[in-house]
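Structural overview for review
Residues per chain, in single letters:
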Amino acid sequence: MNARAFLCSYSPHPDSLLKQRTSLGPPPPPRECFAPATWFQCRVRLISWGRCYMFRVSARNPGLKSEQYELTDVRESAKLENDQDEDGGVVPWWEEFPKRWVIVILCFSAFLLCNMDRVNMSIAILPMSAEYNWDPTTVGLIQSSFFWGYLLTQIAGGIWADTVGGKLVLGFGVVWWSIATVLTPVAAKLGLPFLLATRAFMGIGEGVAMPAMNNILSKWVPVSERSRSLALVYTGMDLGSVTGFAFSPFLIHQFGWPSVFYSFGSLGTVWLATWLNKAYSSPLDDPQLRPEEKRLILTNSVPREPVTTIPWRLILSKPPVWALIACHFCHNWGTFILLTWMPTYYNQVLKFDLTESGLVCILPSLTMAISANLGGWIADTLVSNGLSVTTVRKIMQTIGFLGPAFFFTQLSHVDSPAMAVLCMACSQGTDAFSQSGLYSNHQDIAPRYSGVLLGLSNTAGVLAGVLGTAATGYILQHGSWDDVFKVSVGLYLTGTVVWNLFSSGEKILD
């Protein structure tokens with residue numbers, strides 16, 4: 001039997017049993033026992049082929065001195081009780097579930113809420129603009145106001161997460177943006193300046209999410225699981241878009257557009273209660289983490305010393321850092337245009353109504369969610385098979401740039417709504433490979449400063465969101481959607497060249 005066995009508990013006290021061999025067979029008859037023998041029981045956890053078995057073993061101390069040994073085999077006569085604890089009860093499956101993946105799932109759910117609260121405005125802006133008589137330039141201003149606050153907290157959120165821990169920072173972010181989401185209808189009724197300020201405040205909360213998440217996962221997740229874990233977390237954003245686009249039209253038709261903000265914003269309280277109870281900034285802080293998992297994580301992930309100062313000059317002197325910054329800008333220009341303007345495109349160009357615009361937006365986001373996890377699995381497999389991390393990151397990001405560029409160029413030539421939606425879906429599907437490219441690269445090149453580094457590069461990405469979202473409104477007043485797509489294609493091509501020339505997957509900052 002291929003198995004690993006761990007001695008978990010024993011009776012009587014082990015001090016009298018150290019360095020003595022045990023037998024895993026059934027107890028011999030009393031007549032065969034040595035006179036001085038002492039009987040005792042122990043609980044053994046057996047891990048084999050991904051399954052965990054708990055069973056009790058009776059053994060005797062023959063009073064003979066022997067060397068320490070490791071349990072490597074169990075005779076078939078030993079009675080295994082699947083997933084049982086020392087009292088004979090069943091060990092709940094969630095106690096055996098890896099804690100690092102609990103952290104990943106909680107981050108996933110935070111990002112789910114993040115995009116639900118962000119994209120609801122993309123749907124609600126249609127009835128809101130009709131009610132308040134907003135022109136396209138005003139709509140672009142409202143959509144971009146989110147990024148004003150989002151820009152302010154990127155670097156600050158990274159510094160805060162790297163110094164005080166990601167748990168506090170991400171919890172703060174979710175609470176902050178949830179409150180701002182609930183206040184959005186009130187602000188809209190008070191006037192445009194109040195709405196702009198509220199959207200900017202919402203951006204402040206969401207701005208700390210990525211740096212805080214990156215800080216937490218750099219401590220919890222080994223490099224061999226990095227692409228998959230990040231892909232799953234960013235899938236939360238894609239599924240958040242799906243959920244927002246799917247439910248927003250229904251809520252608007254049934255209860256009016258304010259209901260979208262009230263219902264979505266209130267979900268943050270549920271997440272916060274779970275986060276405070278289950279999450280820890282580092283494996284070192286978790287008293288319930290199983291020893292074997294802690295050893296795995298500490299060996300591969302956790303920095304030896306906490307961050308006290310940020311070596312800005314050293315960070316900014318590295319070409320791969322500037323490649324990250326530049327490529328994050330190029331990537332986010334097209335991504336945020338799709339995120340904020342796609343429902344308007346479907347409504348104005350493809351002539352879909354409000355409900356159809358929301359439902360059609362689901363397909364590209366679903367494609368992105370599937371592709372992100374596929375890309376994460378491919379990237380981790382390539383790394384595990386010996387391909388260098390640098391090569392893997394370059395391959396993934398090249399797909400993430402050239403794929404959307406190609407499908408954007410096709411939008412000018414399609415003559416049916418179905419083909420346009422297909423191009424959008426393929427564009428976002430290939431874009432998702434970026435999550436195993438530049439979005440995984442911060443932890444590759446600077447694991448100790450990953451929060452700060454993501455804040456730094458995402459600042460450039462947010463600038464692209466601010467400029468691109470506002471510029472799209474201006475371009476549409478003076479040009480066409482073809483002009484909007486051409487700008488994005490040019491930036492995608494520029495990012496491809498820069499990434500392949502200057503990026504690296506090796507650690508450059510320790």
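Since this is a predicted model, take the numbers as computed values, not measurements. (Residues numbered from 1 in each chain as written. Predicted model: local features only at pLDDT ≥ 70, side-chain atom pairs only at ≥ 80, totals over all residues. Heavy atoms only, no water.)

1. A word on unusual backbone geometry
For Asn 133, which is not glycine, the phi torsion reads 55° and is therefore positive. When you line up the elements, Asn 133 lands in the loop between helix 2 (99-132) and helix 3 (136-152). Residue class for Asn 133 comes out exposed when judged on its relative accessible area of 68%. (Helix = DSSP H or I, 4+ residues; strand = E, 2+ residues; numbered from the N terminus. Buried < 20%, exposed > 50% of the residue type's maximum accessible area, 1.4 Å probe, protein only.)

2. Observations concerning helix 3
Between the first and last C-alpha of helix 3 there are 25 Å, a value that for 17 residues agrees with the 24 Å anticipated at 1.5 Å per step. If you look at helix 3, its biggest bend is around 25°, right at Ser 144. Along its buried surface, helix 3 packs onto helix 2, helix 4 (154-164), helix 6 (192-207), helix 7 (209-220), helix 12 (319-348) and helix 18 (450-478). (Expected span 1.5 Å × (residues − 1). Bend = angle between axes of the 7 residues up to and from the residue. Contact = heavy atoms within 4.5 Å.)

3. Some remarks on the nonpolar core
In this structure, Phe 111, Met 128, Leu 217, Tyr 234 and Tyr 345 are the most contacted members of the largest nonpolar core, which totals 108 residues. The biggest single contributor to this core is helix 2, with 17 residues. Leaving out residues up to four positions away in the same chain, Phe 111 has contacts with Ala 209, Met 210, Met 213, Val 233, Tyr 234, Gly 236 and Met 237. (Core = buried A, V, L, I, M, F, W, Y, C linked by side-chain atoms within 4.5 Å.)

4. A look at the pattern of salt bridges
Under the definition given, this model contains eight salt bridges. Across the salt bridge formed by Glu 225 and Arg 100, the nearest N and O atoms sit 2.8 Å from each other. Remark: Arg 100 occurs in helix 2 and Glu 225 occurs in the loop between helix 7 and helix 8 (226-255); sequence separation between them is 125 residues. Here Glu 206 ties to Arg 118 by a salt bridge, and the two come within 3.1 Å at their closest N and O atoms. You can see Glu 206 sitting in helix 6 and its partner Arg 118 sitting in helix 2, a full 88 residues away along the chain. The exposure class assigned to Glu 206 is buried, which follows from its relative accessible area of 1%. (Salt bridge = Lys/Arg side-chain N within 4 Å of Asp/Glu carboxyl O.)

5. Remarks on the environment of Trp 220
Following the sequence through the fold, Trp 220 ends up in helix 7. Counting along the chain gives 78 residues from Trp 220 to Leu 298, while the straight-line C-alpha distance between them is 8.3 Å. At a separation of 2.9 Å, a polar atom in the side chain of Trp 220 contacts the main-chain carbonyl oxygen of Tyr 280. (Polar contact = N/O pair within 3.5 Å; in protein donor to acceptor, adjacent residues only side chain to side chain.)

6. A word on helix 18
Spanning 29 residues, helix 18 covers 41 Å between terminal C-alpha atoms, matching the ideal 42 Å at 1.5 Å per step. Burial analysis of helix 18 places 21 of its 29 residues in the buried class, the great majority of the element.

7. Considering a nonpolar patch on the surface
Side chains of Val 186, Leu 190, Phe 194 and Tyr 262 sit close together on the surface and give an oily, nonpolar patch of about 400 Å² of accessible area. Within the fold, Leu 190 resides in helix 5 (residues 166-190). Take Leu 190: its relative accessible area is 55%, and that puts it in the exposed class. (Patch = residues over 30% accessible without salt bridge, like charges linked within 9 Å, V, L, I, M, F, W, Y side chains within 5 Å. Areas by Shrake-Rupley, 256 points an atom, 1.4 Å probe, with all protein chains shown as cover.)

8. Section: the packing of helix 5 against helix 7
Interaxial distance between helix 5 and helix 7 falls to 8 Å at its minimum, and their mutual angle equals 155°. Classified by the angle their axes make, helix 5 and helix 7 are roughly antiparallel. As for how helix 5 packs across helix 7, the hand of that crossing is left-handed. In this structure, helix 5 contributes Gly 166, Lys 167, Val 169, Leu 170 and Trp 177 to the contact, and helix 7 contributes Ala 209, Ala 212, Asn 215 and Ile 216. (Axes fitted to C-alpha atoms, helices over the stretch in contact; angles between N-to-C directions. Parallel < 35°, antiparallel > 145°, perpendicular 65-115°, else oblique. Left-handed = near helix turned anticlockwise from the far one by under 90°.)

9. Describing the confidence of the model for the protein
Close inspection of predicted coordinates is inappropriate for parts of the model with low pLDDT. Here the protein averages 79 in pLDDT, while 78% of its residues score no lower than 70. Below a pLDDT of 50 lies the segment residues 1-25, which in the model reaches 68 contacts outside its immediate sequence neighbourhood of four places, other chains included. Scored below 50 in pLDDT, residues 30-37 shows seven contacts in the model against residues more than four places distant or in partner chains. (pLDDT = per-residue confidence, 0-100.)

10. So, the packing of aromatic side chains
Evaluated as defined, the whole model comprises 19 aromatic pairs. One aromatic cluster is present, built from ring pairs that chain together Phe 401, Phe 408, Trp 481, Phe 485 and Tyr 492. Across the ring face of Tyr 150, the terminal group of Arg 118 is positioned such that the distance to the ring centre comes to 5.1 Å. When the ring centre of Tyr 280 is taken as origin, the NZ or CZ atom of Lys 167, which lies over that ring, is 5.1 Å away. (Phe/Tyr/Trp six-rings, centres within 6.5 Å; stacked < 30°, edge-to-face > 60°. Lys NZ or Arg CZ within 6 Å of the ring centre and 35° of its normal.)

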